[in-house]
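# A closer look at the structure
Below are the chains, spelled out letter by letter.
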Amino acid sequence: MQAFTKPVTTPASVSLAHTHYENFPVASLLLPAHLRYAVSVIYQFARTADDIADEGDASDSERLQALQAYEDELLLIQAYIQAERPLFKTLQQVVSSHKLEVEPLLDLISAFKQDVVKTRYADFDELLDYCRRSANPVGRLMLQLYAADTPQHRQWSDQVCTALQLINFYQDIAIDLQKHGHSGRIYLCQDEMQAAGISEQDLRDQRLDSVWQAFFLYNVARAEQLLLAGKPLGRHLTGRIGFELRMIVAGGERIIYKLKRCRGDIYHHRPTLHAFDWPIILLKALFKQ
């Protein structure tokens, strides 16, 4: 478990490369200087917690115990009691100075715990509940940091964050099958797979027929609808946060475009953002498209 040493100073990554917060604008140059430290500390918390859930050779019980220690520290912060570990003492200062809610941080820990023990999702409601805790807290924390946390903004932010999480699932179908030992993780809905006549073995066999393509594109389209539903947030937020949000949404749209083009062959053509994608993303963000 890592202790906090110094804030991260790398620029933001709008790539949709991995899970819960890789779209988190880590100390981005687009961020006002007074927010970069806070964002870096929150990212450090999320990064180390996710590593506990996913990395190394620890047993499930060891991972859960370590994550519980994180949760216990957050509960101290929530109760206005001095945190014990260096990372959480720093996080406590950020929470206090920016008047942040602790609940989104607790939601992230809940999602990381779930990653340790749950590898299948019965239906879309279960998947949305996971996204609510694994992705949406990031957007809500950013709204609070920018003093832009209104009910409407939260709704739009949740839609964007959930959409980005779903997009990541569809990018990483093959990668997730290699996680969590022999069983792998599958973030496609079990009831929808069954109704479409698609089995887990079909995923391992890299099925690419018309049935799989239709199923895959259906899921991608649903994520796209969510992203478009939350897109007005980028036009309503002014200044740097609005521009950064528009960049993130445009990056998501670009990945969706590539997911559609690969027509389900994410085994050999995992969509990622390349240098030639960034001018397109930048222009869409600048012109609020």
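Residues numbered from 1 in each chain as written. Predicted model: local features only at pLDDT ≥ 70, side-chain atom pairs only at ≥ 80, totals over all residues. Heavy atoms only, no water.

### Some words on helix α5 (residues 124-134)
What counts, and what does not: Burial classification: accessible surface area is computed with a 1.4 Å probe over protein chains only, and a residue below 20% of its type maximum counts as buried, one above 50% as exposed, and the rest as partly exposed. Counting from the N terminus, the helices are DSSP H or I runs at least four residues long and the strands are E runs at least two residues long. In what follows, a contact means two residues having at least one pair of non-hydrogen atoms within 4.5 Å.
The complete set of buried residues in α5 reads Phe124, Leu127, Tyr130, Cys131, Arg133 and Ser134. Tucked into the core, α5 has its buried residues touching α4 (103-117), α6 (136-145), α7 (151-171), α9 (190-196) and α11 (210-230).

### What to know about a nonpolar patch on the surface
In plain terms, the rule: Exposure above 30% relative accessible area and the lack of any salt bridge qualify a residue for a patch; like charges then connect within 9 Å, and the nonpolar side chains Val, Leu, Ile, Met, Phe, Trp and Tyr within 5 Å. For accessible areas, the Shrake-Rupley method is used with a probe of radius 1.4 Å. Any residue's cover is judged against the shown protein chains and nothing else. Here, a salt bridge means any Lys or Arg side-chain nitrogen found within 4 Å of an Asp or Glu carboxyl oxygen.
Where nonpolar side chains cluster on the molecular surface, the patch consists of Leu282, Leu283, Leu286 and Phe287 and spans about 410 Å² of accessible area. Tracing the backbone through its elements, the reader meets Leu282 in helix α14 (residues 277-286). Given a relative accessible area of 37%, Leu282 falls into the partly exposed group.

### Some points on the packing of α7 against α11
To keep it simple, the criterion reads: Here an axis means a line fitted to C-alpha atoms, over the contact stretch when the element is a helix, while the angle between two N-to-C directions is reported on a 0 to 180 degree scale. When an angle is under 35 degrees it counts as roughly parallel; over 145 it counts as roughly antiparallel; between 65 and 115 it counts as roughly perpendicular; any other value is oblique. Here a crossing is called left-handed whenever its near helix is offset anticlockwise from the far helix by less than a right angle, and right-handed whenever the offset is clockwise.
Following both chains from N to C, one finds α7 and α11 inclined at 155 degrees, their axes separated by 7 Å at the closest point. Between α7 and α11, the angle falls in the class roughly antiparallel. In this structure, α7 crosses over α11, and the sense of that crossing is left-handed. Contacts between α7 and α11 pair Trp156, Gln159, Val160, Thr162, Ala163, Leu164, Leu166, Ile167 and Tyr170 from the former with Phe216, Asn219, Val220, Ala223, Leu226, Leu227, Ala229 and Gly230 from the latter.

### A short note on unusual backbone geometry
At Lys99, a residue that is not glycine, the phi angle is positive and equals roughly 55 degrees. Locating Lys99 in the fold gives a position in the loop between α3 (86-98) and α4. Even without being glycine, Arg263 reaches a positive phi, approximately 50 degrees. On the secondary structure map, Arg263 appears in the loop between α13 (239-262) and α14.

### Description of helix α2 (residues 60-78)
Rules: A helix is expected to reach a length of 1.5 Å times the quantity of its residues less one.
Here α2 spans 27 Å end to end across 19 residues, near enough to the 27 Å set by a 1.5 Å rise per residue. Listed as buried for α2 are Arg63, Ala66, Leu67, Ala69, Tyr70, Glu71, Glu73, Leu74 and Ile77. Elements in contact with the buried residues of α2: α1 (33-54), α3 and α4. Just beyond α2, the residue with positive phi is Tyr80, at close to 60 degrees.

### Considerations on the nonpolar core
For the record, the criterion: By nonpolar core we mean a set of buried residues, namely Ala, Val, Leu, Ile, Met, Phe, Trp, Tyr and Cys, connected to one another through side-chain atoms within 4.5 Å.
Within the largest apolar cluster, 83 residues are counted, with the highest numbers of intra-cluster contacts made by Phe45, Leu74 and Leu91. Contacts of Leu74, omitting those with residues within four sequence positions, involve Phe45, Phe88, Leu91, Val102, Leu105, Leu106 and Ile109.

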